Amino acid sequence: MKKFNSLIAAIVLLYGIAAFALYWWRGAINAEKSQEYKVEINRLMAEFTAEGAFYQPDLLGMKWVCAVDYLDISNQEYIHQEILQAFFHSRNGKESFIQPLFAGETLKGFVRFDYITACGGRRWFGVAESVLLFSGMFVLAVLLYIRKNILKPFHRLSDLAFELSKGHLQGELEEGKNRFFGKFVWGIVMLRDSLSTAKAQALKLEKDKKMLLLSLSHDIKIPLSTIQLYAKALKEGVYQTEEQKLYAAAQIAGHAAEIEQFVKEIITTSSEDILAITVEEGEFYLKALMNKVQKVYAPKCRLAMTEFQIGSYADKLLKGDIERAFETLENLLENALKYGDGKRISIDFYMEEYCQIIRVYNTGIPVSAEELPHLFDSFYRGSNVEGKAGNGLGLYIGREIMCKMDGELFAERTENGMRFCMVLQIR
């Protein structure tokens, strides 16, 4: 906002400088021209004085003087008020200069010179000043309008985004009457609601996990203490017969299996909570999906200096959730940027058994044949992830999404890179 205010101040300053320069230029030109028209008047007056009488001069060679009139005062009986007014009255678009004409020491009359020197200049400068004034006012009005109706509301929106980033989710967002940021405001509100919902779910999940752990830890204590008791008895030789020893071992094995079941419940419950993936039933066009990809990843790859290509395709109506399909493609492209060699990423398309295949390829060192079957396991990370952030869930989530859309996601090794294929049902 400060920079924009500085811009407004700079424009006002430049406008003032331009207006002053125009005013000074006008004065300089008029001053220069004023000397030129006086030369013509003085020359004509010298001729009239030499003749001692007025005569109508030839004005074809004159540049500034356009008309010469004479008021004869030798016979004052014929001078009426109307004649005097017509002689001394200013004429539209012209300036005048009146000189007395003497014959010796006798005043014979008055000579009026009409000239256009200042007239043309005044008109031109008047137009220039009007254009400068209205253009300056228009630019200033536009800048003030932008400041009031766009920058100030956006400044408030940026403040809310900053508050959201710090976890303050209770702020209210008021949209201006002009509704310039309608979609953006709607998106911010949806983001705030999503963050609020996610925060509430996270708190509930944390509470449920603690309750689960407390419950299971209590349940595990009984079989664990039993195992410890039988193990101690076996160690100290309490049981003498073989039958007693087998009974103790069976008890240990039974309670160990009980503990194992509790552990499985913990793992299953945790996985279901973390990876609760919902997919909306619907349909979308392939072109709409690829437009989203192009919009996000074309500039991103350009900044990473990675060649990015999207092959030709025929637009088709596909089954599924476009947001979830984009999320899967997003995971594949992020993996390509993160684990590829940064040279090239390409997307191509082909049909197979009434399904649309979207294939994402990146150059680089492929994973080993032994690792390939485990790429879609949850929390699995390959041997090429050293020093790279991640949690091993992207490909797992992608496959879960595709399965819920009656599709599939699989990977292929190539000689110079990796290829991931999304299988989508055609409507």
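Everything below is about the structure printed above this text.
Attention in this report is confined to the structure presented alongside it. (Residues numbered from 1 in each chain as written. Predicted model: local features only at pLDDT ≥ 70, side-chain atom pairs only at ≥ 80, totals over all residues. Heavy atoms only, no water.)

### Thoughts on the sheet that holds strand 1 (residues 65-72)
Rules: In this scheme, strands are said to pair when DSSP sees at least two bridges between them. Strands here are runs of E lasting at least two residues and helices are runs of H or I lasting at least four, both read from the DSSP assignment and numbered beginning at the N terminus. To get an axis, fit a line to the C-alpha atoms, keeping to the stretch in contact for a helix; angles then go from 0 to 180 degrees between the N-to-C directions.
If you trace the three strands from one edge of the open sheet to the other, you get 1-3-2, paired in antiparallel fashion. Across the chains shown, the open sheet's two edge strands, defined by having one partner strand only, are strand 1 and strand 2 (95-103). Between one strand axis and the next, the sheet turns by 25° as a mean value, whatever way the strands run. In the sheet, strand 2 pairs with strand 3 (residues 106-115) via nine bridges, with the strands oriented antiparallel.

### Some words on the environment of Asp219
Examined against the element boundaries, Asp219 turns out to sit in helix 4 (residues 182-236). Put simply, Asp219 and Phe262 are 43 residues apart on the chain and 8.3 Å apart in space, counted from C-alpha to C-alpha.

### Section: the packing of aromatic side chains
Applied cut-off: A pair of aromatic rings is counted whenever rings of Phe, Tyr or Trp (Trp by its six-membered ring) have centres within 6.5 Å, and the orientation is called stacked for planes under 30 degrees apart, edge-to-face for over 60 and tilted otherwise. Here, over-ring charges are defined by two tests on the NZ atom of lysine or the CZ atom of arginine: distance to the ring centre within 6 Å, and angle to the ring normal within 35 degrees.
For the structure shown, the criterion picks out six aromatic pairs. Judged by centre distance (4.7 Å) and plane angle (10°), the rings of Phe54 and Tyr70 are stacked. Of this pair, Phe54 sits in the loop between helix 1 (2-51) and strand 1 while Tyr70 sits in strand 1, and the two are 16 residues apart along the sequence. Above the plane of the ring of Phe326 lies Lys292, whose end atom (NZ or CZ) is 5.1 Å from the centre.

### Some details on the sheet that holds strand 10 (residues 417-425)
Going by this rule: Residue contacts are counted whenever heavy atoms from the two residues lie within 4.5 Å of one another.
Overall, mixed pairing links the five strands, which are arranged 5-7-8-10-9 in an open sheet. Looking at strand neighbours, the two that pair on one side only are strand 5 (307-310) and strand 9 (408-413), the edges of this open sheet. The mean inter-strand angle of the sheet, taken between neighbouring strand axes irrespective of direction, is 20°. As paired strands, strand 7 (residues 344-352) and strand 8 (residues 355-363) are joined by eight bridges and run antiparallel to one another. Bridge pairing in strand 8 links Glu352 to Cys355. Where helix 6 (residues 286-303) meets the sheet, it contacts strand 5, strand 7 and strand 8, and its direction lies at approximately 170° from that of strand 5.

By themselves, these figures tell us nothing about what the structure is for.
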